[in-house]
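What follows is each chain in one-letter form.
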Amino acid sequence: QVQLVESGGGLVQAGGSLRLSCAVSGRISSLGGMGWYRQVPGKQRELVATITRGGSTNYADSVKGRFTISRDNAKNTVYLQMNSLKPEDTTVYYCYADTWGRIWGPGTQVTVSS
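Q: Honestly, unusual backbone geometry in this entry has me stumped. Any pointers?
A: If a residue is not glycine, its phi is most likely negative; likewise, a peptide bond is most likely trans. The backbone phi angle of N76 is positive, close to 50°, even though this residue is not glycine. By the secondary structure assignment, N76 is in the loop between β7 (67–72) and β8 (77–82). Positive phi values are uncommon outside glycine, yet S84 reaches one of about 50°. Note that S84 resides in the loop between β8 and β9 (91–98). For S84, a relative accessible area of 41% translates into the label partly exposed.

Given below as structure tokens:
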């Protein structure tokens, strides 16, 4: 069974950094776009960043200039480097990967203290 394994979440002070990782576990024949969503309380998930197989990226306005998405196709892994973190960034972050369908990670908690 193909799954996504997330790591890198945790507690950090405002202005600090975290690096989230999301790796595909299991055999996969093809891997397309990957990205990150985060949970917005009381609303649907917010798309944070996306990256195509070729490396083209897009970011939510709220994280531009602070977050960087990248991927390692050899490792089937996507990363989210989060710098200059703000308390407003506190929530659960979910990665996804597009294979034969879209699969989701379990979510990882990011907490930014003020």
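There's plenty left to go through after this.
Q: For this particular structure, what's the right way to read the pairing of strand β4 (residues 34–38)?
A: Looking down a regular strand, the side chains alternate between one sheet face and the other. Among the 5 residues of β4, 5 are classified as buried, and the element is accordingly described as predominantly covered. Here β4 shows no split at all, with M34, W36 and R38 on one side and G35 and Y37 on the other all buried. Where β4 and strand β5 (residues 46–51) come together, 5 bridges link them in antiparallel fashion. Bridge pairing in β5 links W36 to A49. Bridge analysis of β4 against β9 gives 5 bridges, and the strand direction is antiparallel. By the bridge assignment, R38 is partnered in β9 with Y93.

Q: Please explain the environment of W100 as it appears in this structure.
A: Looking at the secondary structure, you find W100 in the loop between β9 and β10 (102–104). Judged by its relative accessible area of 79%, W100 is exposed. In this structure, the C-alpha to C-alpha distance between W100 and V110, residues 10 residues apart in sequence, is 29 Å. Of note is the side chain of W100, whose polar atom sits 2.9 Å from the side chain of S29.

Q: Help me out: how do you make sense of the pattern of salt bridges in this one?
A: Close approach of charged atoms lets side chains of opposite charge pair. On inspection of all chains with the given rule, the structure shows 5 salt bridges. Among the salt bridges present, the one from D89 reaches R38, with a minimum N-O distance of 3.0 Å. Here D89, found in the loop between β8 and β9, pairs with R38, found in strand β4; they are 51 residues apart in sequence, far enough to count as distant. When its relative accessible area of 2% is taken as the criterion, D89 is described as buried. Between D61 and K64 there is a salt bridge, with the nearest N and O atoms lying 3.2 Å from each other. Relative accessible area serves as the criterion here: at 64%, D61 is assigned to the exposed category. Using a relative accessible area of 48% as the deciding quantity, one classes K64 as partly exposed. A cluster of three or more residues bridged by salt bridges with shared partners is formed by R38, E46, R66 and D89.

Conventions used here
Residues numbered from 1 in each chain as written. Predicted model: local features only at pLDDT ≥ 70, side-chain atom pairs only at ≥ 80, totals over all residues. Heavy atoms only, no water. Helix = DSSP H or I, 4+ residues; strand = E, 2+ residues; numbered from the N terminus. Buried < 20%, exposed > 50% of the residue type's maximum accessible area, 1.4 Å probe, protein only. Pairing = 2+ DSSP bridges. Polar contact = N/O pair within 3.5 Å; in protein donor to acceptor, adjacent residues only side chain to side chain. Salt bridge = Lys/Arg side-chain N within 4 Å of Asp/Glu carboxyl O.

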